[in-house]
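Tertiary structure, described
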Amino acid sequence: MTPPPARLVTLVGNPRPRSRTRAVAVLAAEALTGRLGSAAGREIVDLSALAAGLGSAAAPAALQAAERTVQDADVLVVASPTYKGTYTGLLKTFLDRLPGGALASAVALPLMVLGDARHALAVEVHLRPLLTELGAFVPTPGAVVPENRIEQAGELLDAWAAQVAPQVAGLLAARTALTS
């Protein structure tokens, strides 16, 4: 089942610019787009460039644009390294700015880059519930890439995309059917 073209947004919650998390997230988006067989538009929201404005009461224009981009996504890849066994505070701060239900029209796919194999469940135990709380549909499983396997990230993410792409396609098709 081929869904209609979807807007795929990658949200990167690593505080470091040009991070490995960003590189892995881009690979995930490419693997997913390839599996969906869709000419989806792809955008990246890298929170490292927006960190200074996250604490502002009045959000800068770039932050407001990023919030709209994330809320308007059909498919949202949410990537974070593990920090203290969970996602980054930067990612949490950004997502806390969104209103309840802000991701209700999105299929969200959590992805974490792990520094330690002991944190392998963080994607399911911490990041998935946050995305669900914001209203997103979250297919299983979330993606994990251990730092010691970064070189094999493409293979790992292709296998992950093979598992989740049918779920994503089904959710996008169901949403299209409901709105037609």
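Residues numbered from 1 in each chain as written. Predicted model: local features only at pLDDT ≥ 70, side-chain atom pairs only at ≥ 80, totals over all residues. Heavy atoms only, no water.

1. Notes on the overall build of the protein
The helix and strand inventory of the protein stands at five helices and five strands. When its helices and strands are written in sequence order, the protein yields β-α-β-α-β-α-β-α-β-α. For 180 residues, the compact-globule estimate of 2.2 N^0.38 gives 16 Å, and the protein sits close to it at 15 Å. Seen through its principal axes, the protein has C-alpha atoms that stretch 40 × 40 × 25 Å. Out of the 180 residues in the protein, the part that is buried amounts to 48%. When contacts within the protein are restricted to residue pairs at least 6 apart in sequence, those whose partners lie at least 24 apart make up 80%. As displayed, the protein has an accessible area near 8300 Å², and 55% of this comes from carbon and sulfur atoms. Charge centroids of the protein, computed over 15 positive and 14 negative side chains, lie 3 Å from each other. (Helix = DSSP H or I, 4+ residues; strand = E, 2+ residues; numbered from the N terminus. Rg over C-alpha atoms; globule rule 2.2 N^0.38 Å. Buried < 20%, exposed > 50% of the residue type's maximum accessible area, 1.4 Å probe, protein only. Contact = heavy atoms within 4.5 Å. Areas by Shrake-Rupley, 256 points an atom, 1.4 Å probe, with all protein chains shown as cover. Lys, Arg positive; Asp, Glu negative; His and termini not counted. Charge placed at Lys NZ, Arg CZ, Asp CG, Glu CD.)

2. Re the environment of Val12
Position of Val12 among the secondary structure elements: in strand β1 (residues 7-12). Expressed as a C-alpha distance, the spacing of Val12 and Pro81, which sit 69 residues apart in the sequence, is 9.1 Å. In this structure Val12 touches Ser19, Thr21, Arg22, Ala25, Ile44, Val45, Asp46, Leu47 and Ala79, once residues within four positions along its chain are discounted.

3. Digging into helix α2 (residues 61-71)
Along α2, the positions that sit buried rather than exposed are Leu63, Ala66, Glu67, Thr69 and Val70. Looking straight down α2, one finds its buried side chains confined to an arc of 160°; they lie on one side. (Arc of directions from axis to C-beta.)

4. A closer look at the confidence of the model for the protein
Looking at the protein, the pLDDT average stands at 91 and 94% of residues meet or exceed 70. Model confidence for the protein, summarised as mean pLDDT per element, is weakest for strand β2 (residues 41-46) at 89 and strongest for strand β3 (residues 75-81) at 97. (pLDDT = per-residue confidence, 0-100.)

5. Considerations on helix α1 (residues 20-36)
Between its first and last C-alpha atoms α1 spans 24 Å; for 17 residues at 1.5 Å apiece the expected length is 24 Å, and the two agree. The complete set of buried residues in α1 reads Thr21, Val24, Ala25, Ala28, Ala29, Ala31, Leu32, Thr33 and Leu36. Downstream of α1 by one or two residues, Gly37 has phi in the positive range, about 65°. (Expected span 1.5 Å × (residues − 1).)

6. A short note on the pattern of salt bridges
Counted under the stated rule, the structure contains ten salt bridges. The partner of Arg97 in a salt bridge is Glu67, with the nearest N and O atoms 2.7 Å apart. You can see Arg97 sitting in the loop between α3 (89-96) and β4 (107-114) and its partner Glu67 sitting in helix α2, a full 30 residues away along the chain. For the salt bridge of Lys92 with Asp96, the shortest nitrogen-to-oxygen distance reads 2.7 Å. Of the two residues, Lys92 and Asp96 are both situated in helix α3; the distance of four residues between them amounts to about one turn of the helix. In this structure Asp96 comes out as partly exposed when scored by relative accessible area, which is 46%. One network of salt bridges, with partners in common, ties together Arg7, Glu43 and Asp72. (Salt bridge = Lys/Arg side-chain N within 4 Å of Asp/Glu carboxyl O.)

7. Here we look at the pairing of strand β5 (residues 143-146)
In β5, alternate side chains face the same way, and those of Ala143 and Val145 are buried while those of Val144 and Pro146 on the opposite face are not. With four bridges connecting them, β4 and β5 associate as parallel partners. Bridge pairing in β5 places Met112 opposite Val144. Between β4 and its parallel partner β5, the chain crosses via helix α4 (residues 122-133), and the hand of that crossover is right-handed. (Pairing = 2+ DSSP bridges. Right-handed = clockwise from strand over helix to strand, strands pointing away.)

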